[in-house]
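Coordinate inspection notes
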Amino acid sequence: MNAMNKRRVVVTGVGLVSAVGIGTQECWDALLAGKSGAARITLFDPTQFSTQFACEVKGFDPFLYIEKKEVKKMGRFIHFAIAASDFAMKQSGLQVDGGNAERVGVYIGSGIGGFDVIEREHTELLRGGPRKISPFFIPAAIVNLASGQVSIRFRAKGPNSATCTACSSSAHAVGDSFRLIQRGDADAMICGGSEAAITPMGVGGFASMRALSIRNDSPATASRPFDRDRDGFVIGEGSGLLILEELEFARRRGARILSEVVGYGMSGDAFHITQPSEDGDGAVRVMQITLKDAGARPEEIDYINAHGTSTPFNDKTETLAIKKVFGEHARKIAVSSTKSMTGHLLGGAGGFEAAVLALSIHCQCVPPTINYQTPDPECDLDYVPLKSRNMKIDYALSNSFGFGGTNAALLMKRYSGD
């Protein structure tokens, strides 16, 4: 597409649900305060597991957002997505009606979907046979029903889709939504991701891969991206959704604009099912592609919300990739990982972190990387340790990398009103 024909896309609202808060403002305040959401698992008895803690969304009541008869038709990840969509739509002020419904779409990613539903219904099958399986099992569990339910909720009749690309899922959903609006297929998109995989199979599966931290004696300090003593990620859950709109569509209704989305990139490692290549090739290329898409120079980037999982391989590889892309300017960029507080939302991470990126630009403030205590010689950038930072942010980038070598990056800038 000719750059002159690309329509401009802005963020007008975000909705957040995570272990550090339910609701956008509560989450944002907690992130700036450096609050950890990690604690011993309560969703099931974790006693037999090597990892016994996670970043659960505590005190979440789906009945506050969903009619009682509908709750049982949805997995927990859908509950989170509906709550986040309510928060995002309220913040944006977007109203879907007969005049615009066909131009408003929904695109929500999830890496795993309704794990809780699958495990529950499998137990029912073993206990009582196939007749015990709920008729709502399939629509409660499949990945695209977060998008489907949100679309029905708001009567949004535009593009309705979902992505399932592991931990890049919702970054791809946001990026693809950006493209849909750019090229004129929609005027507004409710997009992002949701995940709820803190289940026996979810935790057990990642633990068997030795991907999780085992700091059972100190959950709140377990997620420590870029720290020398990191020993694995902390599994989290929740949802992060954004309202993207074509600039003139947003202007006509007097919307408050949080940031402008200007770049999106995708790449593949073609290397290993779970580990990045040691030279960071895929991460390097996805950031370069995103900068090129936005027409932005490396030296213009002020902040990166890193993938920053707190795993030995990811953090050093992402650091190396940032240095390759940005050269000497890399040391002038603030780089932080909000996974240090929320844990890793898996397929929901990219959407949540894109929402955080938009808020960071709007508020001109960067959340910290908490638990950063011992520098790692291989991770030697400015990780905004321990405390949030007020700073000038014109351009900011978010990275998401997933199993299978799937990568996504999003670039936003401060909206100047031009």
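Think of each chain on its own: its residues are numbered from 1, step by step along the sequence as written. Local features in this predicted model are restricted to residues whose pLDDT is 70 or higher, and side-chain atom pairs enter the listing and the counts only when it is 80 or higher, whereas totals over whole chains, interfaces and linings include all residues. Only heavy atoms go into the side-chain values, all of them from the structure, while hydrogens and water stay out.

**Section: the overall build of the protein**
Put simply, the rule is: Numbering of helices and strands starts at the N terminus; helices are DSSP runs of H or I of at least 4 residues and strands are runs of E of at least 2. Two things to know: the radius of gyration comes from C-alpha atoms, and the globule rule equals 2.2 Å times the number of residues to the power 0.38. Throughout, exposure labels follow a simple rule: accessible area from a 1.4 Å probe, protein chains only, divided by the maximum for the residue type, with under 20% read as buried, over 50% as exposed, and the rest as partly exposed. For every accessible area listed, the method is Shrake-Rupley and the probe measures 1.4 Å; residues are considered covered only by the protein chains on display.
The secondary structure content of the protein amounts to 13 helices and 15 strands. Relative to the 2.2 N^0.38 estimate, which gives 22 Å for 418 residues, the radius of gyration of the protein is 20 Å and therefore close to what a compact globule would have. Its C-alpha atoms give the protein principal-axis dimensions of roughly 60 × 55 × 40 Å. For the protein, with 418 residues in total, the buried portion stands at 61%. Counting every atom, the protein has about 16,100 Å² of accessible surface; 52% of that belongs to carbon and sulfur.

**Looking at the packing of helix α10 (residues 281-294) against helix α11 (residues 312-326)**
Test applied: Only the stretch in contact is used when a helix axis is fitted, and all axes are lines through C-alpha atoms; the angle between N-to-C directions ranges over 0 to 180 degrees. Between 65 and 115 degrees an angle is taken as roughly perpendicular, under 35 as roughly parallel, over 145 as roughly antiparallel, and anywhere else as oblique. Handedness of a helix crossing follows the sense of rotation of the near helix relative to the far helix, less than a right angle counterclockwise being left-handed and clockwise being right-handed. By the convention used here, residues are in contact when the closest approach between their heavy atoms is within 4.5 Å. Amino acid classes used here: Ala, Val, Leu, Ile, Met, Phe, Trp, Tyr, Cys and Pro are nonpolar; Asp, Glu, Lys and Arg are charged; the rest, including Gly, are polar.
The interhelical angle for the contact between α10 and α11, taken along N-to-C directions, is 40°, at an axis separation of 8 Å. Put simply, α10 runs oblique to α11. Between α10 and α11 lies a crossing of right-handed hand. Between α10 and α11, the contacting residues are A283, V284, M287, Q288 and L291 on the first element and A321, I322, K324, V325 and F326 on the second. Taken together, the residues that form the contact of α10 with α11 break down as eight nonpolar, one polar and one charged.

**Some details on the environment of C365**
The topology assignment puts C365 in strand β12 (residues 365-366). With near-sequence residues (within four places) excluded, C365 lies in contact with W28, L32, S360, S388, R389, N390, M391 and I393.

**With respect to the pairing of strand β7 (residues 188-195)**
Filter applied, for reference: Each pair of strands is called paired provided DSSP finds at least two bridges between the two strands.
Taking burial as the measure, the eight residues of β7 include eight buried ones, the bulk of the element. Because side chains alternate across β7, one face comprises the buried residues A188, I190, G192 and S194, and the other comprises M189, C191, G193 and E195, equally buried. In the sheet, strand β5 (residues 104-109) pairs with β7 via six bridges, with the strands oriented parallel. Of the residues in β7, the one forming a bridge with I108 is G192.

**Considering the packing of helix α3 (residues 76-92) against helix α6 (residues 145-154)**
Where α3 meets α6, the axes come as close as 9 Å, and the angle between the chain directions of the two elements is 40°. The pairing of α3 with α6 is recorded here as oblique in orientation. For the crossing formed where α3 meets α6, the hand is right-handed. Of the residues in α6, those touching α3 at F77, I78, A81, I82, S85, D86 and M89 are L145, A146, Q149, V150, R153 and F154. Taken together, the residues of the contact of α3 with α6 break down into nine nonpolar, two polar and two charged.

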